[in-house]
Amino acid sequence: MKKNSSNAMALAPNTSNKRETVCIFGTGDFGRALGHKMIQSGYPVVFGSRSTQTSSLIPKDAEVLSHAEAAQKAAIIIIAIQRQHYNFLTPLAEILHGKVLVDVSNNSKINQYPESNAEYLSQLVPGAKVVKAFNTVSAWALQSGTLDASRQVFVCGDDMEAKQMVMDIVRALGLTPLDQGSLLAAQEIENYPLQLFPMWKFPIFLSLGLIAFFFFYSLTRDVIYPYVYEKADFSFFIAISIPNRICPVLALILLALVYLPGVLAAIIQLYRGTKYRRFPDWLDKWMLCRKQLGLVALAFASLHVLYTLVIPIRSFVRWRTSNQIVSQALNNATEPLNITSAWLSDSYLALGILGFFLFVLLGITSLPSVSNNVNWQEFRFVQSKLGYLTLILCTAHTLVYGGKRFLSPSSYRWYLPNTYMLSLIIPCIVLVVKFVLILPCLDKPLTRIRQGWERNPQYSE
Amino acid sequence: MKKNSSNAMALAPNTSNKRETVCIFGTGDFGRALGHKMIQSGYPVVFGSRSTQTSSLIPKDAEVLSHAEAAQKAAIIIIAIQRQHYNFLTPLAEILHGKVLVDVSNNSKINQYPESNAEYLSQLVPGAKVVKAFNTVSAWALQSGTLDASRQVFVCGDDMEAKQMVMDIVRALGLTPLDQGSLLAAQEIENYPLQLFPMWKFPIFLSLGLIAFFFFYSLTRDVIYPYVYEKADFSFFIAISIPNRICPVLALILLALVYLPGVLAAIIQLYRGTKYRRFPDWLDKWMLCRKQLGLVALAFASLHVLYTLVIPIRSFVRWRTSNQIVSQALNNATEPLNITSAWLSDSYLALGILGFFLFVLLGITSLPSVSNNVNWQEFRFVQSKLGYLTLILCTAHTLVYGGKRFLSPSSYRWYLPNTYMLSLIIPCIVLVVKFVLILPCLDKPLTRIRQGWERNPQYSE
Amino acid sequence: MKKNSSNAMALAPNTSNKRETVCIFGTGDFGRALGHKMIQSGYPVVFGSRSTQTSSLIPKDAEVLSHAEAAQKAAIIIIAIQRQHYNFLTPLAEILHGKVLVDVSNNSKINQYPESNAEYLSQLVPGAKVVKAFNTVSAWALQSGTLDASRQVFVCGDDMEAKQMVMDIVRALGLTPLDQGSLLAAQEIENYPLQLFPMWKFPIFLSLGLIAFFFFYSLTRDVIYPYVYEKADFSFFIAISIPNRICPVLALILLALVYLPGVLAAIIQLYRGTKYRRFPDWLDKWMLCRKQLGLVALAFASLHVLYTLVIPIRSFVRWRTSNQIVSQALNNATEPLNITSAWLSDSYLALGILGFFLFVLLGITSLPSVSNNVNWQEFRFVQSKLGYLTLILCTAHTLVYGGKRFLSPSSYRWYLPNTYMLSLIIPCIVLVVKFVLILPCLDKPLTRIRQGWERNPQYSE
């Protein structure tokens, strides 16, 4: 890579083993932490500060100078200062001309300012090469050396060489630089550390709501009802029996909700006769969090599996079994095998096992490192074909589990149907509509629409 | 990065916030989808088309011009046209000189043409800088914004700056560019989206064949035989009992098949006395899909675990247990503990648990993000040492499960041995041969051969 | 990218389909393997050797010349020679001027020499552009084509263009180049293949020690004690019962040890009143292997789950159950349900399930590809909040499992308490101290210290 003739000295690549001096503006916590770490990695560090008095907090091996003096000592200047104070840099514009300014700042709110801090810095000091970096790393993590979390440092900037120099420093500190392109990416990089699982919020709040509803529903049916009518204390059902009703119900509903927006989108497109009009906003958002919905559903399915497998170990179940056998023995009766119930029991277990197995497979393919290794066709095959197969198996599992129970009046305590019946509504709707949609008379126009055909071109946006 | 003096304007990096105009040749589905997405991301877009009539399908904010006019407006031209029509570009050669041409095309078959589309484009317009990109993304995914699958865009090209500009656009659209080097990589990039799990085909077809064989084998032994001789209806065994015979058998056989090619390769090398002759083609192919074989084996092992753990919940098993206990009670008999059967039962369960545990560990280390984080020595330790330990444990699990059963004539219904006996053949062969191969008298020459020594140098290729 | 005017020919990018000739110094195993692979990938290869006699081992299509002649034929020279023999390159300095020298060497010990081999090479031939690469790939893997393990090739070097050329070759061979920055990274790259799970050593040796201790402890209590006093042979407990005592105990202790160093660090910081003094070395090392400790704990927890779920299938357990029921039937007694024991049994199972579920969640987020996709705040939320919740649930699971048992004298065989009691010591200490630390009177100063405040600035380093 060739150097600019001006500034060639400053930007000379690291050909010798000696590392280039780095200047840090600001002696706050992050500036000091970064300084410490850089000195450890062999970089000479100069601090630029309003007061040039060395404090005991500043790393011993670092010099503290005025901003102007410090800036002249280094080609790279790290601006570890709040955005509000950036304007003190304007008078330094001449000294900073051609230097690499590294913006490490973060905001306290998402999209706090119209332009990113790095772009603002770049406007304030137009002659400098601004690079955004290090904002995703915490001072505490730098200091303690316990970088268990992401070692990724997003780097962006308009000047390739400046960016390269910053990325080399990032690597030297034991972190992984990730080139995010030009300075336009700074806004997103600054928003990144402020997010707390943004895509997970809807699935998790939805689950909490459903859990609350089904908990009280099951409590009424399984604990309060027998207590009222039989004076039987089944309060301990709260620990396992009721969770094991809630988990499969939530898993099935959430899994169906993963496939519902796709079905709705197909209906909307068929109705509109074009794919060139945007979906309603709620549908767009829903489609974007399908993966998270599916993973939450998988979590509930896994809990259901665990709750089910411990059944034979439960004290209550062992008591019930032995009481049944004892009373059978006392009646001198050995029952013949009921083939129908053997079939029902084995098939709902088998359907559940296969459904859960495919569900776990779907979960594994959604791991970032796995989904990055499959192409678009493979991903669609897994997420669409295998996904629907999973939904079909899980719905069938629930249907066979119910068996003929929905006919028996004893299933309707206080007119409340069994929870499993409620859970079947959405999956059955999704499967029926999907089945209708793959009929050739609807599938053909849909495919054409998705390939760009329009029924009424004049209506398109 | 320095600019070429010619064309400096066009290739100027994105120093201002305003994005560069992008030209798209072709107003087909993919061209339009890409145009939409680019306009959303802030790029001015010009379409180049034969007919300059704006259609309602073309994004409103985009201009539609003739090819020549459109090309002059932008430094980057995306060629969203089928390869067959590329020759219309020849007369435009002068206008396209120095421009960045982005080839986004795909073929319908793997290796359809002798050279990749991008290389063909580069030959047609020698003065242009051809970059291959975007072919792994689907128009539908771009349009709907639901890029759940891989956001990776493979980019290759001979001109570094042109590639960098395209990668910046890729990033701006929210996708992840992956630099694949020079234009030579285009062939592979064009083949990529056409593959559907190419490495999985052999393991999956093999499994399907084995499943079919063992299904009918078990059906004969476990359902038809008792029906013929005892008129007992065990048809419900199809749901759980028979799958739970097939799964462990397949898991063990496939796991052994993972290690068989390595053993065969060692024998071939010992026999030939050199490592410098290629293995037969079938062995090469087999070795390349060992990971997939192992993962399919793990899937069957997981199913086996689930099928086994639900045993106590099965209606049939509960019926059998209670009948046994009732008849025991009616006979007034409490049996003493049979230490041998307690030992056998506990040890085959323990061996199975440990084997499965190690198997899952092997599976986790084969996740791309995990295997990329271990070095060669660590990977060999896990896949070879732990792999053989897993095979030994699983074989022992099956042997102990069988116990003395292979001696009892009742195990041979219609002269058919138990399925577990069939499953032991390959694993035992692999383990015995491997054991022979690690004897010093064979291990030493093998190690020397693998370090490059030859017994009969004249015979080498 | 612009070329240097000198050497422009040699460094011309691969604009034609023809690949550049590559020269390999050294005809040892690795040199030959690399040569074979390069010829397969379409590179003309020239070997430079002391004796120019072609051996049958050298790929047929490769020329063998003297070092000087070979070097003149290529722009890239791969030095496949031991570091000890590098000094033969000094007389060739003039010919090697401007060439790209690729150092592929490895050492036999970590940090064997004061400077890395690549830096040493760069000092010997100052006019050449040294690039470190290929050292993480094994000759055997190159030859056999079975690159199941990491395909990553770490590349570093001071000259960007030289590095780019080497990375293109790496890609052409089907491997993944990873730019590690300047030649300073060579030391680390050379150490990399010599490591065998360095961070796992402490957790694994600690586990082995604890396993040995708890094995003999449980053996004494559960096998030897009943044998001595009741002449009962419970030797088969070694297969499942004793492992199922050891696993949960180890899982809980190791999980607590993950959080103990954080608690200790907080105490040290509170006591010192500053965060600017380094922790003792043992604490630093301990903190760095917390992830590995946690994963080993998760492994034991998973084994515990499997061992527990097979309980009802065990021959011994089925014998015990049926005997109990038979004797109950013979006594004509049906017991009433014991609500307390139903509550205890269900709650310890439920706590265990939830604890294990969260534990698996923690494990999944520690997968590299997942933890790279969460930001610092999300990672801390998962690892700290969810981590402590896991510890609380698992400790509660163990406490409820014990129930009132610790009061009963029969739990103390030969004065030895139950293993589960021993396992509770460390978790309870961690949880109590953590609870004290989040009291506002301690949490406030700690937060201030972690933000950089110092109680006694004069004492800081």
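In short, a report on the structure. Not measured: the values here are computed from a predicted model.

**A short note on the overall build of chain A**
So, step 1. Across its full length, chain A carries 17 helices and eight strands.
So, step 2. By its C-alpha atoms, chain A is 100 × 65 × 40 Å across when sized along the principal axes.
So, step 3. Looking at chain A residue by residue over its 461 residues, the buried ones come to 56%.
So, step 4. In chain A, the proportion of contacts linking residues at least 24 apart, taken out of those at least 6 apart, comes to 71%.
So, step 5. With the model as given, the accessible surface of chain A reaches about 20,300 Å², and the carbon-plus-sulfur share is 61%.
So, step 6. Distance between charge centres in chain A, computed from 41 positive and 28 negative side chains, equals 8 Å.

**Remarks on the interface of chain A and chain B**
So, step 1. Contact with chain A, which involves 66 residues of that partner, is made by 61 residues of chain B.
So, step 2. Summed over both sides, the interface between chain A and chain B buries roughly 6,000 Å², with carbon and sulfur atoms accounting for 66% of that surface.
So, step 3. Linking chain A with chain B are one salt bridge, by the criterion used here.
So, step 4. In this structure, A:Asp346 and B:Arg314 form a salt bridge, with 2.7 Å as the shortest nitrogen-oxygen distance.
So, step 5. Taken together, the connections running from chain A to chain B amount to five residue pairs in polar contact (both at pLDDT 80 or more).
So, step 6. Secondary-structure elements contributing two or more residues to the side of chain A that touches chain B are helix H6 (160-172), helix H10 (281-288), helix H11 (290-309), helix H12 (315-330), helix H13 (339-365), helix H14 (368-371) and helix H15 (376-402) of chain A.
So, step 7. At 13 residues, the largest contribution of residues to the side of chain A that touches chain B is made by H13(A).
So, step 8. Residues that form the side of chain A that touches chain B fall into these classes: 31 nonpolar, 21 polar and 14 charged.

**Points about the sheet that holds strand E8 (residues 176-179) of chain C**
All names here are of chain C.
So, step 1. Taken in spatial order, the eight strands of this open sheet run E3-E2-E1-E4-E5-E6-E7-E8, and their pairing is mixed. Both edges of this open sheet fall to strand E3 (63-65) and E8, since each of them pairs with a single strand only. On average, each strand axis in the sheet is inclined to that of its neighbour by 30 degrees, with strand direction left out of account.
So, step 2. Note that strand E1 (residues 22-25) and strand E2 (residues 45-48) share four bridges and pair parallel. Looking across to E2, one finds that Phe 25 is bridged to Gly 48.
So, step 3. Each of strand E4 (76-79), strand E5 (100-103) and strand E6 (129-132) is contacted by helix H4 (residues 117-124), which is oriented at about 170 degrees to E6, the strand it contacts most.

**Remarks on the nonpolar core**
So, step 1. A:Leu391, B:Leu391 and C:Leu391 are the most contacted members of the largest nonpolar core, which totals 221 residues.
So, step 2. Dropping the residues within four chain positions of it, C:Leu391 is found in contact with C:Leu252, C:Leu255, C:Ala256, C:Tyr259, C:Pro427, C:Val430 and C:Leu431.

**Digging into the environment of B:Tyr225**
Residues and elements named next belong to chain B.
So, step 1. Note on placement: Tyr 225 falls in helix H8 (residues 201-230).
So, step 2. Distance in space between the C-alpha atoms of Tyr 225 and Leu 260 is 34 Å, their sequence separation being 35 residues.
So, step 3. If we skip the residues at most four places from it in the chain, Tyr 225 touches Thr 220, Glu 230, Arg 413 and Trp 414.

**Some details on the packing of H11(A) against helix H13 (residues 339-365) of chain C**
So, step 1. The N-to-C vectors of H11(A) and H13(C) enclose an angle of 145 degrees; their axes lie 10 Å apart at closest approach. Handedness of the H11(A)/H13(C) crossing: right-handed. Between H11(A), through A:Ala299, A:Leu303, A:Leu306 and A:Tyr307, and H13(C), the contact on the second element is made entirely by C:Ala350, C:Ile353, C:Leu354, C:Phe356 and C:Phe357.
So, step 2. Counted by class, the contact of H11(A) with H13(C) contains nine nonpolar, no polar and no charged residues.

Thresholds applied
- Residues numbered from 1 in each chain as written.
- Chains lettered and ligands numbered in written order.
- Predicted model: local features only at pLDDT ≥ 70, side-chain atom pairs only at ≥ 80, totals over all residues.
- Heavy atoms only, no water.
- Helix = DSSP H or I, 4+ residues; strand = E, 2+ residues; numbered from the N terminus.
- Buried < 20%, exposed > 50% of the residue type's maximum accessible area, 1.4 Å probe, protein only.
- Contact = heavy atoms within 4.5 Å.
- Areas by Shrake-Rupley, 256 points an atom, 1.4 Å probe, with all protein chains shown as cover.
- Lys, Arg positive; Asp, Glu negative; His and termini not counted.
- Charge placed at Lys NZ, Arg CZ, Asp CG, Glu CD.
- Buried area = accessible area lost by both parts, 1.4 Å probe.
- Salt bridge = Lys/Arg side-chain N within 4 Å of Asp/Glu carboxyl O.
- Polar contact = N/O pair within 3.5 Å; in protein donor to acceptor, adjacent residues only side chain to side chain.
- Nonpolar A, V, L, I, M, F, W, Y, C, P; charged D, E, K, R; others polar.
- Pairing = 2+ DSSP bridges.
- Axes fitted to C-alpha atoms, helices over the stretch in contact; angles between N-to-C directions.
- Core = buried A, V, L, I, M, F, W, Y, C linked by side-chain atoms within 4.5 Å.
- Left-handed = near helix turned anticlockwise from the far one by under 90°.

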